[in-house]
Amino acid sequence: MHVESDVAIVGAGAAGLSLARSLARPPAGARRLTTVLLAAPPGPARVPPRTWCFWEAGAGPYDAVLTASWQRLRVRSGDGRTVRADIAPLRYKMLRSDALDALVGGELAASRRVSRVEAVVDRVVSAPGGAVVHARRVGGDRLTVRARWVFDSRPLTEPPPARAALLQHFRGWFVRSHRPAFDPSVVDLMDFRTPQPAHGLSFGYVLPYGRHEALVEYTEFSRRALDRAEYDRALRHYLARALGVAEYEVTAYEQGVIPMTSAGFPRQVGPSVFRIGACAGATRPATGYTFSAVQRQTLAVAEALHAGRRPLPPRAHSARARLLDAVLLHAIDGGRVAGPAFFTGLFARVPAPRLLRFLDGGTSLAEDLSIGLRVPVAAMLTSALTLPFAPRRTASPH
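Below: a short report on this structure. For clarity, every value in this text was computed on a predicted model and none was experimentally measured. (Residues numbered from 1 in each chain as written. Predicted model: local features only at pLDDT ≥ 70, side-chain atom pairs only at ≥ 80, totals over all residues. Heavy atoms only, no water.)

We now examine the overall build of the chain. Counting its secondary structure elements, the chain contains 9 helices and 17 strands. In summary, the chain has a C-alpha radius of gyration of 22 Å against a globular reference of 21 Å for 398 residues, a match within 12%. Principal-axis analysis of the C-alpha atoms gives the chain an extent of 60 × 50 × 40 Å. Going through the 398 residues of the chain one by one, you find that 51% of them count as buried. In the chain, of all internal contacts separated by at least 6 residues, the share reaching a separation of at least 24 is 75%. (Helix = DSSP H or I, 4+ residues; strand = E, 2+ residues; numbered from the N terminus. Rg over C-alpha atoms; globule rule 2.2 N^0.38 Å. Buried < 20%, exposed > 50% of the residue type's maximum accessible area, 1.4 Å probe, protein only. Contact = heavy atoms within 4.5 Å.)

The structure is reproduced here in structure tokens:
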């Protein structure tokens, strides 16, 4: 089977779905474009369901399908000290990937501009005037899509090497407690009442969406991912010792590894072939948050396509933000700063809305400097001076 299209999108994760949705809803007077979204069919090629969290002011385009949202965050130190923060006018929002898939799927089904095809992509090859996507459909039938522009959102096998590189790895349980155990008005963003690894840091993360229901995650920033038994042991310990939840059912789980790296990610890999999403550097190196940057990046691409401009995806984070993140990762990896004390102190000393804007890259240079004065200055300066001499390595779970 052969298909001709203006645009081909490879992958139906956050980036692929977001770009497809924007192209299915063109502004008045926009160029008419046809788009094919190539989504992996159910099976080993499809990424398991996952949760995305982000913050924004006021109503947003995905509010109708959120699992929950909150205006209060909490950070707990290892010794039990608690920092509470009201983030108004922002809200912290929780979105499940299956909910986003259903929302966008319904819109694409009603669209005459974007079609969705389930197929596993083997390769993307540049061709005169565009590129050709080679794929296999369920049953083994071959599919080729020739497009003027191709946007590939598939995860990289491993990120490029960098001088600052850690893994954010986690396992989360969707828990239903037998007794009321959670406060659905507040998120535990970082709870450091977990045993700390020899290198890096660990914390609990609790997203409560009812008195009895929450997503409870154990997360580490370190060089090595754990096996399932180690995550489960840490989760049982955290629920019992820190949260005091003894009787519960695990209704579902999620697990993942996010490279936290200062590497530069190429956004263009052929004359008409671009990368979008995490494989194009949308993940914020020091935090692992990705969804908001994906929205900025895919909206910019859609605007360029609708206007007839070359649709090079913009860098998701500024050079200043990437440098600051590299210094912090290098400091944590080298043990120059204690992660729990660093993050707890930052939330205690900086107004939460400003800190969240900083993490989204929305602060000015003056605001960045004011935040910098509230961190261990000597340790961060040492890390900044030694960073250029650090060997390059890959943040990879393999």
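It is worth spelling out the layout of surface pockets at this point. In this structure, the second largest pocket occupies an estimated 230 Å³ of space. If you trace the second largest pocket, you find it lined by S18, R21, S22, R25, P27, P61, Y62, Q295, L299, A302, E303 and H306. For the lining of the second largest pocket, the secondary-structure elements that each account for two or more residues are α1 (14-24) and α4 (291-307). Ranked by residues supplied to the lining of the second largest pocket, first place goes to α4 with 5 residues. (1 Å grid on protein atoms, 1.4 Å probe; cavity = no way out; pocket = protein on both sides within 12 Å on 5 of 7 lines; lining within 4 Å. Points joined across faces, edges and corners; volume = space filled by probe spheres on them.)

To continue, consider empty space enclosed by the protein. Evaluation of the coordinates by the stated rule reveals 1 cavity of 30 Å³ or more. Along its surface, the largest cavity is lined by 13 residues, and Y289, T290, S292, A293 and D360 are the ones closest to its centre. Put simply, the parts of the chain that give the lining of the largest cavity at least two residues each are β3 (51-57) and α4. Counting residues per element, the lining of the largest cavity draws most heavily on α4, which supplies 4 residues. Per-class residue counts for the lining of the largest cavity are 7 nonpolar, 3 polar and 3 charged. (Nonpolar A, V, L, I, M, F, W, Y, C, P; charged D, E, K, R; others polar.)

This part covers helix α2 (residues 97-109). The first and last C-alpha atoms of α2 sit 18 Å apart over 13 residues, in line with the 18 Å expected at 1.5 Å per residue. All of the buried residues in α2 are S97, L100, V104 and L108. Angular distribution of buried residues about the axis of α2 spans 60°; they occupy a single face of the element. Relative to its buried face, α2 has exposed residues pointing more than 90 degrees away, namely A102 and A109. Residues of α2 that are buried sit in contact with α1, β2 (35-39), β3, β7 (90-96), β8 (114-127) and α4. (Expected span 1.5 Å × (residues − 1). Arc of directions from axis to C-beta.)

Position of F174 among the secondary structure elements: in strand β11 (residues 165-177). Between the C-alpha atoms of F174 and R31, which are 143 residues apart in sequence, the distance is 44 Å. Setting aside its immediate chain neighbours within four residues, F174 contacts T51, M94, R96, Y209, A214, L215, E249, V250, T251, A252, Y253 and E254.

Time to look at the side chain of H330. Locating H330 in the fold gives a position in helix α5 (residues 319-333). Accessibility expressed as a relative area gives 13% for H330, which makes it buried. Not counting the four nearest positions on each side in its chain, H330 is found in contact with R163, A164, R336, S383, T386, L387 and A390.

Moving on to the sheet that holds β7. Strand order in the open sheet formed by 3 strands is β3-β7-β4, and the pairing between neighbours is antiparallel. Of all strands in the sheet, those bounded by a partner on one side alone are β3 and β4 (68-70). Taking each pair of neighbouring strands and ignoring which way they run, the sheet shows an average axis angle of 25°. Of the pairings in the sheet, the one linking β3 to β7 comprises 7 bridges and is antiparallel in character. Bridge pairing in β7 places C53 opposite M94. Contacts between α4 and the sheet are confined to β3 and β7, with β3 contributing the most and set at about 70° to the helix. (Pairing = 2+ DSSP bridges. Axes fitted to C-alpha atoms, helices over the stretch in contact; angles between N-to-C directions.)

Close contact between α1 and α4 brings their axes to 9 Å; oriented N to C, the two are set at 35°. Considering how the two elements wind past one another, α1 and α4 form a crossing that is right-handed. Note on element contacts: α4 touches α1 through F291, V294, Q295, T298, L299, V301, A302, L305 and H306, opposite A14, A15, S18, L19, S22 and L23. Partitioning the contact of α1 with α4 into residue classes produces 10 nonpolar, 5 polar and no charged. (Left-handed = near helix turned anticlockwise from the far one by under 90°.)

With that out of the way, let us pick up the pairing of β7. Consecutive side chains along a regular strand alternate between the two faces of the sheet. Most of β7 is tucked away: 6 of the 7 residues are buried. With 3 bridges joining them, β4 and β7 adopt antiparallel strand pairing. Each bridged residue has a counterpart across the sheet, and for W70 the counterpart in β7 is Y92.

Okay, the pattern of salt bridges next. Opposite charge on two side chains permits pairing when their charged atoms draw close. Using the criterion set out here, one finds 23 salt bridges in the structure. A salt bridge links D333 to R223, with the nearest nitrogen and oxygen atoms 2.8 Å apart. In this pair, D333 is assigned in helix α5 and R223 in the loop between β14 (213-222) and α3 (228-242), connecting sequence segments 110 residues apart. Classification of D333 as buried rests on a relative accessible area of 17%. (Salt bridge = Lys/Arg side-chain N within 4 Å of Asp/Glu carboxyl O.)

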